[in-house]
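What the coordinates show
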Amino acid sequence: MNFRAYQPKPPKERKPYQWRRKPKKESLRYNLILDGAVRVYPDGREVCQDNAAGRDEYKRRLHLLLQRQGFKCCLCGESLNTYNSTFEHRCPRGLAGATRDDRIEDVQGNPMNGAAHWSCNSEAGSSRNKVYVR
Ligand SMILES: [Zn+2]
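Here the residue numbering is sequential within each chain, running from 1 through the sequence in written order. Owing to the predicted nature of the model, reporting of local features is limited to residues with pLDDT of at least 70; listing and counting of side-chain atom pairs is limited to 80 or more, with chain, interface and lining totals taken over all residues.

This next bit is on the overall build of the protein chain. From N to C terminus, the protein chain includes 2 helices and 5 strands. Numbered from the N terminus, helices here are DSSP runs of H or I no shorter than four residues, and strands are runs of E no shorter than two. Tracing the protein chain from N to C terminus, the helices and strands come up as β-β-β-α-β-β-α. Whether a residue is buried, exposed or partly exposed is read from the other C-beta atoms within 10 Å of its own C-beta, which are placed from the backbone; 20 or more gives buried, 12 or fewer gives exposed, and intermediate counts give partly exposed. For the protein chain, the residues scored as buried account for 18% of the 134 residues in total. Placing a C-beta atom from the backbone of each residue, one calls two residues in contact when those atoms lie within 7 Å. In the protein chain, 53% of the contacts between residues at least 6 apart in sequence involve partners at least 24 apart.

As structure tokens, this is what we get:
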């Protein structure tokens, strides 16, 4: 029998996998506020940027929501702390973020969005017609 020596193919060259989207640069479609941490769109939506400053602002807002709700989940009413809470969006972050709004108060100063358990938030899914318990 004649065994040919196994000759592996040389590995293909790949680009390094980028697991984090680059924060968006300045644009005519939104203004950057708070040293580039938050994008403000003409329709009033605010979206935290995907950079260190933006993530800090997101956490700060989440903590404000927790304080406003007395550290209770806005979906199930059970107790909540900084570590098991997530930002619950009234309008989901879906549609590539086209409807995402990270504000915690609307233009009239009414409370919007809330803090919820990670599990409650994922159960709620992306249904737009959910009932809010406050
Ligand atoms: Zn909950």
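There's plenty left to go through after this.
It is worth spelling out the sheet that holds strand 3 (residues 46-48) at this point. Across a sheet, paired strands are connected by hydrogen bonds in the backbone, their directions being either parallel or antiparallel. At least two bridges found by DSSP between two strands are what make those strands a pair. Read across the open sheet, the 3 strands follow the order 1-2-3; overall the sheet is antiparallel. Bordering the open sheet on either side are strand 1 (31-33) and strand 3, each of which pairs with just one other strand. Within this sheet the neighbouring strands show an average axis-to-axis angle of 30 degrees, counted without direction. As defined by bridge partners, strand 1 adjoins strand 2 (residues 38-40) across 3 bridges and the pair is classed as antiparallel. For helices, the axis comes from a line fit to the C-alpha atoms of the stretch in contact; other axes are also lines fit to C-alpha atoms, and the angle between any two N-to-C directions lies between 0 and 180 degrees.

An α-helical turn contains 3.6 residues, so any two residues separated by three or four positions project in the same direction. Multiplying 1.5 Å by the residue count of a helix minus one yields the expected span of that helix. The end-to-end C-alpha separation of helix 1 (residues 52-68) is 24 Å, in line with the 24 Å expected for 17 residues at 1.5 Å each. Those residues of helix 1 that are buried lie in contact with strand 2, strand 3, strand 4 (85-88) and strand 5 (114-117). Positioned one or two residues after helix 1, Gly70 has a phi angle of 65 degrees, which is positive.

A negative phi angle is the norm for most residues apart from glycine, just as the trans form is the norm for most peptide bonds. Even without glycine at this site, Leu34 takes up a positive phi of about 50 degrees. Tracing the sequence through the fold places Leu34 in the loop between strand 1 and strand 2. Leu34 gets classed as partly exposed once you count the C-beta atoms within 10 Å, which come to 15.

In predicted models, pLDDT denotes the confidence assigned by the predictor to each residue on a 0 to 100 scale. With 83% of its residues at a pLDDT of 70 or more, the protein chain shows a mean pLDDT of 83. Per-element averaging of pLDDT across the protein chain places helix 2 (residues 118-124) at the bottom with 77 and helix 1 at the top with 95.

Along the chain, Ser119 falls in helix 2. Its 13 C-beta neighbours within 10 Å are what place Ser119 among the partly exposed residues.

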